[in-house]
Amino acid sequence: MANMTQALRMALHYGEEHLELRDIFGEDVGPPLGGVFTATQGLKTAWNSPLDERGIVGTAIGIAMTGQRCVAEIQFVDYIFNTIDLLKTAGNTLWAGNGQFPLPLVLMTPNGAGIHGAIYHSHSFDTWGVRLPGWKVVSPSNAKDAYGLMLSAILDPNPVLYLKPKALLRVKTPELIPGEPEDQKQLKEMIDAPVGEERKNWKPQWPKLEKYTVPIGKGSIVQEGEELTVVSFGRSLHLCKQALSSLSLSVELIDLRSLYPYDWTLIKSSVQKTKRLLIVNEDTEVANFGEHLALRAVQEGFYHLLAPPRVLSGKQVPGVGLHNNLESATVPQVKDIQSEIKNLIETKW
Amino acid sequence: MTQNSLSKDLLLKIHNLMVKARVTEERLIHIYKQGLGYFWIGGPGEEAFAIPLGLLINKGQGLNHDWLYLHYRSLPTLIAMGLSMKEAFRAMFNKATDTSSGGRNFANHYCIPKWNVPPITSVIENQYSMSIGTAHVLKKAPDNQSLVVVTGGDAGTHEGDFATCLIWSSRPGKELPLLITVQNNAWGISTSYSSQHSEQHISQRGEPFNIKNLSINGNDPEESYLALKEQMAWIRKHRKPVLLEARVSRLYGHSSASGANYMEEECCIKTLEKKLKSEKLLKEKDIKDIWGSYREEAKKVQKEVMEESDPDGNTIWNHIYANNENADWRKF
């Protein structure tokens, strides 16, 4: 029963061994730390870069330009903003170059709120990400999907932005990753680096992992229902689950998993059934990615809908404040989701 | 050829290519001024440095050849490597036949995988960051003697990516086989070099990073060739970076944006021709014939390219993802 961090670490190890992943790098990604969330501990190709995000993205592009695969990390997504034109370049290199230089790179970064990270450790980049054509954008909500999406991202010949929901990085998933030992304690002893002096000579004992991929562009139904479709991903998906657990309503919950390309077939068929749609995420609310989905639901299914689709997202404020009251007032909470669900089910045009 | 000079044949070859590059650029400017092309930007005035650079490249595709992260004043380098006038005109006319971008990008924004030339971007700094990754791959490749060339202008060094390049390429024990060049034409659009730089030479910025560095007269093809040859051989052997600043002229301003009119600065071709005539390597008539021949070729090629097909609007959806995987959300 791995947590998401361990799942990512195992996926990267699988990538090193089987998918020709040659470089895993970023700030504090290599030894001794192995990443600020320890997702890159014990990996043989992990190395520390200068604390320079533009250098990290530029280097990832330059490696990918040769056809070699790499996974680069931006330590917190809040630090990615000064790389925005390099992200644009990564997204347009294949297009601008008439299809001649694909860029098989993965850029992973902890995303979103939920750990009281204040103004510079709580940003969401969901909507920024989908506004970078040429990139694929994914975000898992559980450890097994984290593993499967990472393998798909490494294998993909395009730039993939891998948004790690930072509040879920220590959350365990009951479903086992193929090859993972059942005993959580055993897994920890095998792949978690010890603290202190012992770490210097430590080497991981990797389980015999198997290939498991989650196709990019495919969502999943987490819970079936008849009265309302809720679409979410990452940390917000868990809040939606909590919200639904104490409501006696028949709600279909979809884990989007891929923000772009996204699984419209799944969303559309669900909304055709439930005739109501709520989209939940943490990014700021104006020109939010969820608005695109809501608009599309209206344009393609207006006469089937019983109520206007709603988007519940982060408030349009410059950051996420540190105090619990401030963070709770900024990004959707369980009670907010419950309130939206109830309102939407009671609403008619 | 002595240590300080080039053979007669090489010098004449360089001159010939310099003229070819200049004529191509002047024809591109002409096309712009006729209203037949949207925008021109290029490198007339930088031939004395850029042609030798192209001649010294280990040209080819893959890790056993050099890689070039170029900026938009690099036509002469690519002419020296064998780029045809036709390709330059196809880009200027944004034709479907433009192999670099299929009509998507400006003139002189080339993309040539067979020579390890990734797409040139309009931004003036990204190439300095991107070159690091490719140099990192070359450094790790066993028994590899290839290098990465990254070029830019003096204004490009204002950007953080230039510092990024210096820092990443000189990490202790992880130095990169990278030729970092700055073609210092003393202008950033309309802003003079002297108003923004306190350093005497941009190359001196290599000093704190222990990067071998030098400044040369980029208007002198012999000095350029010999310096480039020496430094590239050093990089191939030692697998470490060199920062090379070449002082060059900017003969037609920044681009269309500044009118693309001829400016009175030293013209490296005129300087070279004076020398070739004084050394009796070329006569005035020979020189006129070379210019005339390329000008005729340029006119002929322009006509041919103008007849080629334009890109179809539907091609905007091509190549967003590899293997033309659908990227249009309407079709998800």
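Position numbers for residues count from 1 along each chain, tracking the sequence in the order it is written. All chains are assigned letters beginning at A, and all ligands numbers beginning at 1, according to the order in which they are written. Only residues with pLDDT of at least 70 are given local features in this predicted model, and only at 80 or more are side-chain atom pairs given and counted; all residues enter the totals for whole chains, interfaces and linings. As a rule here, side-chain values come from all non-hydrogen atoms in the structure, and water together with hydrogens is ignored.

Before going further, it helps to examine helix α1 (residues 8-33) of chain B. Helix length check: α1 of chain B, at 26 residues, gives a terminal C-alpha distance of 37 Å against a target of 38 Å (1.5 Å per residue), a fit within 8%. Numbered from the N terminus, helices here are DSSP runs of H or I no shorter than four residues, and strands are runs of E no shorter than two. Downstream of α1 of chain B by one or two residues, G35 of chain B has phi in the positive range, about 80 degrees. Each helix should span, by expectation, one fewer than its residue count multiplied by 1.5 Å.

Below, the discussion takes up helix α8 (residues 264-274) of chain A. Three exposure classes are used, based on accessible area relative to the maximum for each residue type with a 1.4 Å probe and protein chains only: buried under 20%, partly exposed in between, and exposed over 50%. Along α8 of chain A, the residues classified as buried are W264, L266, I267, S270, V271 and T274 of chain A. Seen from one end, α8 of chain A has its buried residues packed into an arc of 160 degrees, which puts them on one side. Note: the arc covers the axis-to-C-beta directions of the helix.

Turning our attention to the pattern of salt bridges. Counted as salt bridges are all cases of a side-chain nitrogen of Lys or Arg within 4 Å of a carboxyl oxygen of Asp or Glu. Counted according to the given criterion, the structure contains 33 salt bridges over all chains. Between D145 of chain A and R257 of chain A there is a salt bridge whose closest N-O contact spans 3.3 Å. Taken together, the residues D145 of chain A in helix α5 (residues 143-155) and R257 of chain A in the loop between β9 (251-255) and β10 (258-260) connect sequence positions 112 residues apart. On the accessibility criterion, D145 of chain A (6% relative accessible area) is buried. Of the charged contacts, one joins D310 of chain B and K95 of chain B as a salt bridge, the two residues approaching to 2.9 Å between their closest N and O atoms. Pair noted here: D310 of chain B is in the segment after α9 (284-306) and K95 of chain B is in the loop between α4 (85-92) and α5 (126-140), with a separation of 215 residues, a long-range link. For D310 of chain B, a relative accessible area of 54% translates into the label exposed. Among the residues examined, K95 of chain B registers a relative accessible area of 6% and is labelled buried. Each of the salt bridges in this network shares a partner with another, and the network as a whole consists of R54 and D85 of chain A together with E125 and D161 of chain B.

As a measure of interface size, the accessible area lost when the parts come together is often cited. The interface of chain A with chain B comprises 43 residues on the first partner and 46 residues on the second. Summed over both partners, the accessible area lost on bringing two parts together, with a 1.4 Å probe, is the buried area. Carbon and sulfur atoms make up 61% of the area that chain A and chain B hide from each other, which totals about 3,600 Å². Connecting chain A to chain B are four salt bridges. A salt bridge links K136 of chain A to E325 of chain B, with the shortest nitrogen-to-oxygen separation between them at 2.8 Å. In protein, a polar contact means a hydrogen-donor-capable atom and an acceptor-capable atom, both N or O and within 3.5 Å, with residues adjacent in sequence counting only if both atoms are side-chain atoms; elsewhere, any N or O pair within 3.5 Å suffices. Viewed at the interface, chain B and chain A are joined by 23 residue pairs in polar contact (both at pLDDT 80 or more). Elements represented by at least two residues in the side of chain A that touches chain B include exactly β1 (21-26), β2 (46-48), α2 (53-65), α3 (84-96), α8 and α9 (289-301) of chain A. With nine residues, α2 of chain A is the single largest residue contributor to the side of chain A that touches chain B. All amino acids are sorted into three groups, where Ala, Val, Leu, Ile, Met, Phe, Trp, Tyr, Cys and Pro are nonpolar, Asp, Glu, Lys and Arg are charged, and the leftover types, Gly among them, are polar. Each residue belonging to the side of chain A that touches chain B can be placed in one class, and the counts come to 18 nonpolar, 18 polar and seven charged. Any two residues whose heavy atoms approach within 4.5 Å at even a single point are treated as in contact.

Here the focus is the environment of S7 of chain B. All names here are of chain B. Tracing the sequence through the fold places S7 in the segment before α1. Its relative accessible area of 26% is what places S7 among the partly exposed residues. Residues S7 and K33 lie 26 residues apart in sequence; the distance between their C-alpha atoms is 39 Å.

What follows deals with the confidence of the model for chain B. The pLDDT averaged across chain B works out to 96; a share of 99% of its residues lies at or above 70. ipTM for the predicted complex: 0.97, alongside a pTM of 0.97. Predictor confidence is given residue by residue as pLDDT, running from a minimum of 0 to a maximum of 100.

We now examine the pairing of strand β3 (residues 69-73) of chain A. Moving residue by residue along a regular strand, the side chains alternate between the two faces of the sheet. Residues and elements named next belong to chain A. Burial within β3 is extensive, with four of its five residues counted as buried. Paired strands are those between which DSSP finds at least two bridges. Bridge count for β1 against β3 is five bridges, and the pairing is parallel. Pairing of L21 across the sheet is with R69, part of β3.

Now for the pairing of β1 of chain A. Residues and elements named next belong to chain A. With five of its six residues buried, β1 lies for the most part within the structure. Examined bridge by bridge, β1 and β2 share three bridges and lie parallel to one another. Directly across from I24, in β2, lies its bridge partner A46.

Our next topic: the environment of L176 of chain B. Residues and elements named next belong to chain B. Relative to the assigned elements, L176 resides in the loop between α6 (160-169) and β3 (178-184). Take L176: its relative accessible area is 4%, and that puts it in the buried class. Sequence separation between L176 and L138 is 38 residues; the distance between their C-alpha atoms is 8.2 Å. Apart from the residues within four sequence positions on either side, L176 is in contact with I132, A135, H136, K139, W168, S169, R239, K240 and P241.

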